[in-house]
Every structure is written in C-alpha cells, then in structure tokens.
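Spelled out from the first residue to the last, the chains are:
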Amino acid sequence: VELARPSWPPTHVLKGLIREKCEDEPGAIAAYEEAIRFGESRTVVFQRLIYLLRNNANKAEKYLSMLRDPGAVSSDLADLEISIAARAGQMERALMLARREVKRRPEDATAHFWLARMLSNNAPRNAEESPELLREARDAYARAVELDPQSAQNCSGLFLFFLRTEQPELANQTIELMDEK
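Please read all numbers here as calculations on a predicted model, not as lab measurements.

Cut-offs applied
Counting restarts for each chain: residues are numbered from 1 in the order of the written sequence. This being a predicted model, a pLDDT of at least 70 is required before a residue's local features are given, and a value of 80 or more before pairs of side-chain atoms are given or counted; all residues contribute to the totals for chains, interfaces and linings. Just so you know, side-chain values use all the structure's heavy atoms and leave hydrogens and water out. Secondary structure elements are defined from DSSP: runs of H or I of at least 4 residues count as helices, runs of E of at least 2 residues count as strands, and each element is numbered from the N terminus. Note on method: radius of gyration uses C-alpha positions; expected globular size equals 2.2 Å times residues raised to 0.38. Burial here depends on accessible area, computed with a 1.4 Å probe over protein chains only, as a share of the maximum for the residue type. Under 20% is buried, over 50% is exposed, and the range in between is partly exposed. Residues count as neighbours in contact if any of their non-hydrogen atoms are within 4.5 Å of one another. Salt bridge, as applied in this entry: a Lys or Arg side-chain nitrogen positioned within 4 Å of an Asp or Glu carboxyl oxygen. Here a helix's expected span is defined as the number of its residues, less one, multiplied by 1.5 Å. Here, axes are lines fitted to C-alpha atoms. For helices the fit covers the stretch in contact, and angles between N-to-C directions go from 0 to 180 degrees. The cut-offs work like this: below 35 degrees is roughly parallel, past 145 is roughly antiparallel, 65 to 115 is roughly perpendicular, and the gaps in between are oblique. The handedness criterion is simple: a crossing whose near helix is rotated anticlockwise from the far helix by less than a right angle is left-handed, and one whose near helix is rotated clockwise is right-handed. In this classification, Asp, Glu, Lys and Arg are treated as charged, Ala, Val, Leu, Ile, Met, Phe, Trp, Tyr, Cys and Pro as nonpolar, and every other residue, Gly included, as polar. An arc is given here, and it is the one of the directions from the helix axis to the C-beta atoms.

Participant: What is the right way to read the overall build of the protein chain from this model?
Facilitator: In terms of helices and strands, the protein chain carries 10 helices and 0 strands. In the protein chain, the order of α-helices and β-strands from amino to carboxyl end is α-α-α-α-α-α-α-α-α-α. At 20 Å, the protein chain has a C-alpha radius of gyration far larger than the 16 Å of a compact globule built from 181 residues. Principal-axis analysis of the C-alpha atoms gives the protein chain an extent of 70 × 35 × 25 Å. By residue count, 39% of the 181 residues in the protein chain fall in the buried class. Summarising the internal contacts of the protein chain: among those between residues at least 6 apart in sequence, 46% fall at separations of at least 24.

Structure, rendered in structure tokens:
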C-alpha cells in the first residue's frame, strides 16, 4: 500500500497500527505523525498518537491543539490531557481542564477524581491557607466515591486526602466505608 499510495494518510495509519501491535512506539509515533502531515484528521488517530506521546508533554500538546473538534475529545483523551498538563507543571491549566471535564461529564466519577486530584495538588496542605480549594477537593473526591464506590482509586484518593490534610478521623471513616463495600 505504501508503494502504491505513499502520501495517502490511511497508509500511515495502518503502518502506525502495525507498529503499535509490534510494540514499536517510536515507529508508531512516526507513522501517525506522517499520517497527520498528509492530512489525516480523524480524532481516533490523534488520540492514539497523543497517548503514545504521554511522556512528551510538548509534542502531545501540539497534537491536542490540532484536534479540529475539541467537543469530540473522548473522556480518556481528556484525562490524558489533564495528566500531561500536570506533568508539564501547568497546574492552572490542568485544573481548568479538570473543571471543564466535570461540567462536560457531571456523572463521571473519573472526571470528579481528576478535579479532586488537581485541586489537592494546587492547594496548600494547611486548611487555613486555602479552605475553599480544600473543601472543593474534598467534595470532588466524595462525589467520585459516591458515583463509583467500588473504585479503589476514588476511595484511596479520598483516604489520602484526609491523611494529607491531617483529618485522621475522616480517614478512618473512609477505611470503614471501604470495608463495608
């Protein structure tokens, strides 16, 4: 296919899929980038590339900004975008993205978890210094647990939040809640 149609985007998408299957991430990244260079615009291709670039915030951000329809961003890609921004030290942006996702997906426990995590990362540990952020983080963790009480991620997030904010009695209550489930 590559010989017959070297500048056809699906040729390079196929090559990227094959490289991924062979666990050749650099080869898959190169193939997807080539597909996009030749005009590929499907969101799924961008999602695959951005996932592969998860440890390269600058390149991942470049392709995130190229997505033609931000409303088409999947929840997985949105969560990855938040994570990439946080890893790049762009905490205000990560927090803004997390808030956007909670508005977009109010019944999604993962969206609330990411919001809680970004709020916790932005807030000082001392409740007197930033009571609003800490209250909002607590509420977001609690909402995540309410929406998906079986999630170890949500329950442990709430538990660790209480430990970090020096609220051992609430941490113990969280453990009891986890034991009941």
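This is not the end of the story, as more comes after the structure.
Participant: What exactly am I supposed to notice about the pattern of salt bridges here?
Facilitator: Pairing is possible between side chains of opposite charge, provided their charged atoms come close. Counted by the stated rule, this structure contains 18 salt bridges. When the shortest N-O distance is used, the salt bridge between Arg-104 and Glu-101 registers 3.0 Å. With a gap of 3 residues between them, Arg-104 and Glu-101 both fall in helix H6 (residues 91-104), about one helical turn apart. Between Arg-105 and Asp-108 there is a salt bridge, with the nearest N and O atoms lying 3.0 Å from each other. Using a relative accessible area of 21% as the deciding quantity, one classes Asp-108 as partly exposed. Shared partners join several salt bridges into a network, and the residues in it are Glu-61, Asp-79, Glu-81, Arg-93, Arg-100, Glu-101, Arg-104, Arg-105 and Asp-108.

Participant: Would you explain helix H5 (residues 75-87) in this entry?
Facilitator: Because the α-helix completes a turn every 3.6 residues, residues three or four places apart line up on one side. Look at H5: 18 Å from first C-alpha to last across 13 residues, which is about the 18 Å you get at 1.5 Å a residue. Among the 13 residues that make up H5, 10 are buried, leaving the element largely enclosed by the rest of the structure. Within H5, burial applies to Leu-77, Ala-78, Asp-79, Leu-80, Glu-81, Ile-82, Ser-83, Ile-84, Ala-85 and Ala-86. On its buried side, H5 packs onto helix H3 (43-52), helix H4 (57-66), H6 and helix H7 (109-122). After H5 finishes, the residue Gly-89 shows a positive phi value of roughly 80°.

Participant: Is there a simple way to think about the packing of helix H8 (residues 131-147) against helix H9 (residues 152-164) in this case?
Facilitator: Here H8 crosses H9 at 155°, and the two axes come no closer than 8 Å. Considering their axes alone, H8 and H9 lie roughly antiparallel with respect to each other. Pair H8 / H9 crosses with left-handed handedness. On H9, the residues touching Leu-134, Ala-137, Arg-138, Tyr-141, Ala-142, Ala-144 and Val-145 of H8 are Asn-154, Cys-155, Gly-157, Leu-158, Phe-161, Phe-162 and Arg-164. A per-class count over the contact of H8 with H9 returns 10 nonpolar, 2 polar and 2 charged.

Participant: How should I be thinking about H8 in this particular structure?
Facilitator: Along its 17 residues, H8 runs 24 Å from first to last C-alpha, staying within 8% of the 24 Å computed at 1.5 Å per residue. Turning to H8, its buried residues are Leu-134, Ala-137, Ala-140, Tyr-141, Ala-144 and Val-145. Buried residues of H8, seen end-on, are gathered within an arc of 135° and therefore sit on one face of the element. Projecting away from the buried face of H8 at angles above 90 degrees are the exposed residues Glu-132 and Glu-146. Tucked into the core, H8 has its buried residues touching H7, H9 and helix H10 (168-180).

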